[in-house]
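Commentary on secondary and tertiary structure
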Amino acid sequence: MNLLVILLISLLVGMASWLCVLRRELAQLKDKLQCDVVHRMGELQAQNARLIERVEQAEAATKAKSAFLASVSHEIRSPLNAILGMAHLMRRAGTTPHQTGQLDRIDCAARYLLAVLGDVLDLSKIEAGKLVLESRDFRLSDMIDSVVSVIGDSMAAKGVAFRVAMEDMPEFLRGDDTRLSQALLNYLSNAAKFTDSGSVTLSGRVEARDAAGFVLHFQVVDTGIGISPGHLPHLFQPFEQAEGSTTRRFGGTGLGLSVTRKIVEAMGGEVGAESVPGRGSRFWLTVNLQQGAETQAIPAVHSVTEEMLVRHFHGTRVLLVEDEPLNQEVALELLRDVGFEPDLAVNGIQAVEMGLTGAYAVILMDMQMPIMDGVEASRALRAGGCNASIVAMTGNALADDRIRCTEAGMDGFMTKPVEPEELFATLLRCLSGRQAV
């Protein structure tokens, strides 16, 4: 009996000792787990902090890139505005055939630089996911006519036949006609560049139709130098071009076709190309467009706008806000040509002081200026009760710039280089609206 008690006591002591060891091990395990959790939480917090830092760096880089592109756009477009404007004024004043040819070459070179800048800005918008398509009714024949008017002369000068064949296409459509015409012009510009003889044909047909609208198929066929099979699969990638010898001969950035592909994909379509070296190429695209409502035909003669300004608004006072001397000279001369009485402000402070006098029907406002920029000046004018039409006339061409101008109370937005026809049409629209009121 005593032996049994002793055994039980020994067993209980052993169990107690084992339980103490178990508690100690459990406590150690708990401490280790807590340390592991704290360490892991620290690692997760560090990773999260690094991710937040990278996101902030990416956002800062995006903002810096946008600011850089806006600055580049302004710094290139402003002198281009002066170059094209001076060439226009020289033509208006009368030139010899030889001088006209020189002006044409100046105009062509400036517009090529403008097209390169446009491709760079478009690609930036696309990469940032900011390519926004508009939706409006348009007449297809008007869009085709505008495309032909841009590219037709360059082909005629080379003796290349240019044909247009639209097969049973709808007359009115709804979508972004500006972007569609840009895509077609990219195709046609390449065809014109690489075709020295023969023909270029722009054709279109309805590929499918349903209650939602149409799938339209456009193609550009040329008899130019063609493209080697090895380069075809890469043509629609950014910065891709044909082989080096072709690039050296014809130039180009390799952005146009990439921009075209992105525009077409945004419009629910596809792009493609076929080519035989030495025999020509066929570039095609499809787009989804809706049935559009009837719209008025675009007037063919731009001089009508100038005549209406001279007849109905002669003597109208306009304030030009511009800090660059050459752009001042061009704009003031154009305004005087249609009978306006323009005054000049060289910065935002002067613009506010002069604009608040109530003497001006329209204020043409640059954005980037010393002392006070155009956006801040517009806000001050509206806050001070100025009811003149304020129109941005600026080298800033990004969508955010347009939004900033609208939020500041501006009524319109023109990107430099401003075509005289666009300037006159904008002025007529502003003044006609005021007259109606």
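Definitions and limits used
Residues numbered from 1 in each chain as written. Predicted model: local features only at pLDDT ≥ 70, side-chain atom pairs only at ≥ 80, totals over all residues. Heavy atoms only, no water. Helix = DSSP H or I, 4+ residues; strand = E, 2+ residues; numbered from the N terminus. Buried < 20%, exposed > 50% of the residue type's maximum accessible area, 1.4 Å probe, protein only. Contact = heavy atoms within 4.5 Å. Areas by Shrake-Rupley, 256 points an atom, 1.4 Å probe, with all protein chains shown as cover. Salt bridge = Lys/Arg side-chain N within 4 Å of Asp/Glu carboxyl O. Pairing = 2+ DSSP bridges. Axes fitted to C-alpha atoms, helices over the stretch in contact; angles between N-to-C directions. Phe/Tyr/Trp six-rings, centres within 6.5 Å; stacked < 30°, edge-to-face > 60°. Patch = residues over 30% accessible without salt bridge, like charges linked within 9 Å, V, L, I, M, F, W, Y side chains within 5 Å. Expected span 1.5 Å × (residues − 1). Polar contact = N/O pair within 3.5 Å; in protein donor to acceptor, adjacent residues only side chain to side chain.

Within the protein chain, the regular secondary structure consists of 12 helices and 12 strands. Each of the 437 residues in the protein chain was classed as buried or not, and the buried ones make up 40%. Long-range pairs, those at least 24 residues apart, make up 73% of the contacts in the protein chain with a sequence separation of at least 6. For the protein chain, the accessible area works out to roughly 23,500 Å², and carbon and sulfur atoms hold 58% of it.

In this section: the pattern of salt bridges. Per the counting criterion, the structure on display carries 18 salt bridges. Close ionic contact of Glu 306 with Arg 92 constitutes a salt bridge, the shortest N to O distance being 3.0 Å. With Glu 306 in helix α7 (residues 303–313) and Arg 92 in helix α1 (residues 2–93), this residue pair connects regions lying 214 residues apart in the sequence. Among the salt bridges present, the one from Arg 404 reaches Asp 401, with a minimum N-O distance of 3.7 Å. Residue Arg 404 and its partner Asp 401 are both found in helix α11 (residues 399–407); the two are separated by 3 residues, about one turn of the helix. The class for Arg 404 is partly exposed, based on a relative accessible area of 34%. Three or more residues joined by partner-sharing salt bridges are found here, namely Glu 134, Arg 136, Asp 176 and Asp 177.

Regular strands place side chains that alternate from one sheet face to the opposite one. With 4 bridges joining them, strand β1 (residues 136–139) and strand β3 (residues 172–175) adopt antiparallel strand pairing. By the bridge assignment for β3, Arg 136 is matched with Gly 175. Here β3 pairs with strand β7 (residues 280–291) via 2 bridges, running antiparallel. From the neighbouring strand, Arg 174 faces β7, where its bridge partner is Gln 290.

The strand order across the open sheet built from 5 strands is β9-β8-β10-β11-β12, with neighbouring strands paired in parallel fashion. Edge positions in the sheet fall to β9 (341–345) and β12 (412–415), since each has one partner strand and no second. Looking at each pair of strands side by side, their axes are set apart by 20° on average, direction ignored. Taken together, the 4 bridges between strand β10 (residues 362–365) and strand β11 (residues 389–394) define a ladder with parallel strand orientation. Its bridge partner lying in β11, Ile 363 is registered against Ile 390. With respect to the sheet, helix α10 (residues 374–383) is in contact with β10 and β11, its orientation differing from that of β10 by roughly 155°.

What the rule picks out here adds up to 2 aromatic pairs. On the basis of an interplanar angle of 50° and a centroid distance of 5.4 Å, the ring pair of Tyr 187 and Phe 283 is categorised as tilted. Placement of Tyr 187 in helix α4 (residues 177–194) and of Phe 283 in strand β7 is noted, with a sequence separation of 96 residues between them. Taking the relative accessible area as the measure of exposure, Tyr 187 reaches 3% and is therefore buried. A residue is classified by how much of its surface remains accessible, and Phe 283, at 7% relative accessible area, is buried. Following the ring pairs from residue to residue traces out a cluster consisting of Tyr 187, Phe 236 and Phe 283.

To continue, consider the pairing of strand β5 (residues 213–222). Among the 10 residues of β5, 8 are classified as buried, and the element is accordingly described as predominantly covered. Direction of pairing for strand β4 (residues 199–210) relative to β5: antiparallel, over a ladder of 10 bridges. Looking across to β5, one finds that Gly 204 is bridged to Phe 218. With antiparallel pairing between neighbouring strands as the criterion, β4 and β5 make up a hairpin whose turn holds 2 residues. Pairing of β5 with β7, which is carried by 9 bridges, proceeds in the antiparallel orientation. In the sheet register, Gln 219 faces β7, and the bridge partner there is Trp 284.

This part covers a nonpolar patch on the surface. Side chains of Leu 8, Leu 11, Leu 12 and Met 15 sit close together on the surface and give an oily, nonpolar patch of about 400 Å² of accessible area. If you trace the backbone, Leu 8 turns up in helix α1.

Looking now at unusual backbone geometry. A cis amide bond links Lys 416 to the next residue, Pro 417, at an omega of 0°. Positionally, Pro 417 belongs in the loop between β12 and α12 (420–436). Located in the positive-phi region is Asp 168, a residue other than glycine, with phi close to 50°. Mapping Asp 168 onto the fold places it in the loop between β2 (161–167) and β3.

On to α4, then. The terminal C-alpha atoms of α4, which comprises 18 residues, lie 26 Å apart, in line with the 26 Å expected from a rise of 1.5 Å per residue. Of all the 18 residues making up α4, 13 are buried; the element is thus mostly covered by neighbouring parts of the structure. The residue sitting at the N-terminus of α4 and contributing the capping side-chain oxygen is Asp 176; that oxygen lies 3.2 Å from the backbone nitrogen of Thr 178.

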